[in-house]
Amino acid sequence: MKIIKTVHEMQEFSLAQRTGGKTISLVPTMGYLHEGHISLLREGKNRGDVLVMSLFVNPMQFGPKEDFSKYPRDFDRDSGLAKSAGTDVIFYPDVQEMYPEPFKTSVYVAELSGMLCGKTRPEHFKGVTTVVMKLFNAVLPQRAIFGEKDFQQLVILRQMVKDLNMPVEILGMPIIREPDGLAMSSRNTYLTMDDRRRASSISKGLLNATEAFQKGLKDGKALQGIVRSDIQAAGLKEDYIEVVNEKTLKPADVVSDTARIVVAAYAGNVRLIDNMPLKKIKKKK
Ligand code: PAF
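Described in the following lines is the structure provided in the data block. Please read all numbers here as calculations on a predicted model, not as lab measurements. (Residues numbered from 1 in each chain as written. Predicted model: local features only at pLDDT ≥ 70, side-chain atom pairs only at ≥ 80, totals over all residues. Heavy atoms only, no water.)

### Re the overall build of the chain
Point 1. Check the secondary structure of the chain and you find nine helices and nine strands.
Point 2. The C-alpha atoms of the chain give 19 Å as radius of gyration, which agrees with the globular expectation for 285 residues (19 Å, within 12%).
Point 3. Taken along the three principal axes of its C-alpha coordinates, the chain extends 55 × 45 × 35 Å.
Point 4. Going through the 285 residues of the chain one by one, you find that 51% of them count as buried.
Point 5. Within the chain, residue pairs in contact and separated by at least 24 positions form 72% of the contacts whose partners lie at least 6 positions apart.
Point 6. Summing over all exposed atoms, the chain offers an accessible surface of approximately 13,900 Å²; the carbon and sulfur share of this is 53%. (Helix = DSSP H or I, 4+ residues; strand = E, 2+ residues; numbered from the N terminus. Rg over C-alpha atoms; globule rule 2.2 N^0.38 Å. Buried < 20%, exposed > 50% of the residue type's maximum accessible area, 1.4 Å probe, protein only. Contact = heavy atoms within 4.5 Å. Areas by Shrake-Rupley, 256 points an atom, 1.4 Å probe, with all protein chains shown as cover.)

### Structural notes on helix α2 (residues 35-47)
Point 1. The end-to-end C-alpha separation of α2 is 18 Å, in line with the 18 Å expected for 13 residues at 1.5 Å each.
Point 2. Restricting attention to buried positions, one finds in α2 the residues G36, H37, I38, S39, L40, L41, E43 and G44.
Point 3. On the buried face of α2, the contacting elements are β2 (24-29), β3 (50-55), α3 (75-84), β5 (143-147) and β6 (169-173). (Expected span 1.5 Å × (residues − 1).)

### A look at the sheet that holds β6
Point 1. Read from one edge of the open sheet, six strands run β1-β4-β3-β2-β5-β6, paired in parallel fashion. Edge positions in the sheet fall to β1 (2-4) and β6, since each of these pairs with one other strand and no more. Shown here is a sheet whose adjacent strand axes are inclined to one another by a mean of 25 degrees, direction ignored. (Pairing = 2+ DSSP bridges. Axes fitted to C-alpha atoms, helices over the stretch in contact; angles between N-to-C directions.)

### Some remarks on the packing of helix α1 (residues 7-19) against helix α6 (residues 124-139)
Point 1. Between α1 and α6, the least distance of the axes is 7 Å, while the angle of their chain directions is 55 degrees. Classified by the interaxial angle, the pair formed by α1 and α6 is oblique. Of α6, the residues touching α1 (which contributes V7, M10, Q11 and S14) are N137, A138 and V139. (Parallel < 35°, antiparallel > 145°, perpendicular 65-115°, else oblique.)

### With respect to the pairing of β5
Within a regular strand, side chains alternate between the sheet's two faces.
Point 1. Taken across its five residues, β5 has four buried, putting it largely inside the fold.
Point 2. Across two bridges, the pairing between β2 and β5 is parallel. From the neighbouring strand, S25 faces β5, where its bridge partner is R143.
Point 3. Judged from the five bridges that link them, β5 and β6 form a sheet pairing that is parallel.

### Some points on the sheet that holds strand β7 (residues 237-245)
Point 1. The three strands are arranged β7-β8-β9 in an open sheet whose pairing can be described as antiparallel. Lying at the two open borders of the sheet, with one neighbouring strand each, are β7 and β9 (270-278). On average, each strand axis in the sheet is tilted by 15 degrees relative to the strand beside it, whichever way the strands run.
Point 2. The pairing of strand β8 (residues 259-267) with β9 spans nine bridges and is classified as antiparallel. When the bridges of β9 are listed, A265 appears paired with L272.
Point 3. Against the sheet, helix α9 (residues 220-233) touches β7, β8 and β9, its axis set at about 155 degrees to β7.

As structure tokens, this is what we get:
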């Protein structure tokens, strides 16, 4: 496994691979890998000839009062896990390499970036789209793989690629969960034992809502209410609970087959996000 730290070397490597007829899969990460990332790496390995994982804790997507400096970092652990999952290259630039001074350009996907998480984190998605565009320009992948846990991020990146005619296929992979249902996230390491126990109420609420949907409940507000009562009973603080259209992220008052229920809530000081699709399971005849 190669470790590449500069954009120039990364581009040279990728151009040589592409000239040789190889396809490149990219899994962008901020490190502190968990099973969710590993599932993305495995998918990338199956889908392409060369698997690149980027590891960059992107300062541009953290707000001034957010956790950039304390975000968990452990390169040795991450590189071991990435290697076992079949990664060929870790692209591991530093902040100066990604944002050399003066840095003046950003990519912003209007409307979608201001909804849901964008209300509490107004600059966050601008940081994500800018860094992902830069990672695509450095790694030159034919496809990039992201987790559905950050569902809004996935929708925004699909829109960016479409709007800017970028020749990269965006793949979204299902959320990987802990045994009690909590969606895996590098930020789960911040949870105290008590908050960790209470955090599983988010996925329980989502599961209860999807079950009610399967039994015929289609009213968006009523489905939201089911999740709300579970997370309130566990003492979590809601940021938002919404039933949204999967493409536009606009509220769906009456649920059709392309809706998703999305949640952000605080367990103690830790902001957690999760979601589940509201899709009718077709009964076999
Ligand atoms: O999902 C993440 O970990 C980050 O937002 C990403 C896509 C690696 C960009 O920094």
